[in-house]
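# Commentary on secondary and tertiary structure
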Amino acid sequence: MKRKKISVIFFDFDGTIADTMKKAIEIYNQLALKNNFNLVDEYNLPELRNNKPLDILKKLRIPLCKLPFVANKIRKKIKSSLGEISTFDGITDVLIKLKQMQYKIGIISTNNINN
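Overview of the structure. Everything quoted here is computed from the prediction, not taken from an experiment. (Residues numbered from 1 in each chain as written. Predicted model: local features only at pLDDT ≥ 70, side-chain atom pairs only at ≥ 80, totals over all residues. Heavy atoms only, no water.)

### A few points about a nonpolar patch on the surface
Here is the rule: Each patch is assembled from residues with relative accessible area greater than 30% and no salt bridge, linking like charges that lie within 9 Å and nonpolar side chains (Val, Leu, Ile, Met, Phe, Trp, Tyr) that lie within 5 Å. Method for areas: the Shrake-Rupley scheme with a 1.4 Å probe, in which residue coverage is limited to the protein chains shown. The salt bridge definition used is simple: a Lys or Arg side-chain nitrogen within 4 Å of an Asp or Glu carboxyl oxygen. Each helix is a run of DSSP H or I of at least 4 residues and each strand a run of E of at least 2, with the numbering of both proceeding from the N terminus. Only protein chains enter the accessibility calculation, which uses a 1.4 Å probe; a residue whose area is less than 20% of its type maximum is buried, one above 50% is exposed, and one in between is partly exposed.
On the surface, Val 8, Phe 10 and Ile 108 cluster together into a nonpolar patch covering about 290 Å² of accessible area. Mapped onto the secondary structure, Val 8 falls in strand 1 (residues 8–12). Owing to a relative accessible area of 36%, Val 8 belongs among the partly exposed residues under this scheme.

Structure (structure tokens):
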């Protein structure tokens, strides 16, 4: 059986190419202060990542009915802060090298295409 050569490599934008997590946490914490939610910091972030979504909401004291508001606010603020978000160190070199090796590069994201 003949194997097909890989010709396209896809990357996720948020968290793989762009370091959006820091900005998202900063924006979330601003909302948390205004809405009496628990803050996220470098110490509780790993613990939160290992929880189910509903458990995260409970730990952060975010009522389920406020989740769409919080998510929408964070998304809008990230969009307006794109100039402040950097790529991860070395990712540009990786993408250039892959392109030189004749790979097609794709970016997958739930982010807005304009972002």
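The structure having been displayed, the exposition proceeds.
### Things to note about the pattern of salt bridges
Counted according to the given criterion, the structure contains four salt bridges. Linking Glu 84 and Lys 23 is a salt bridge whose minimum nitrogen-to-oxygen distance equals 2.5 Å. Taken together, the residues span a long stretch of sequence, with Glu 84 in the loop between helix 4 (67–80) and helix 5 (91–100) and Lys 23 in helix 1 (residues 20–35) at a distance of 61 residues. Residue Lys 23 is classed as buried on the basis of its relative accessible area, which comes to 10%. For Glu 47, the salt bridge goes to Lys 59, with nearest N and O atoms at 2.9 Å.

### What about unusual backbone geometry?
A positive phi angle, near 65°, is found at Asn 36, a position not held by glycine. Its location among the elements puts Asn 36 in the loop between helix 1 and helix 2 (45–49). Take Asn 36: its relative accessible area is 55%, and that puts it in the exposed class. Phi at Arg 61 is positive, roughly 60°, even though this residue is not glycine. For Arg 61, the position within the fold is in the loop between helix 3 (53–60) and helix 4.

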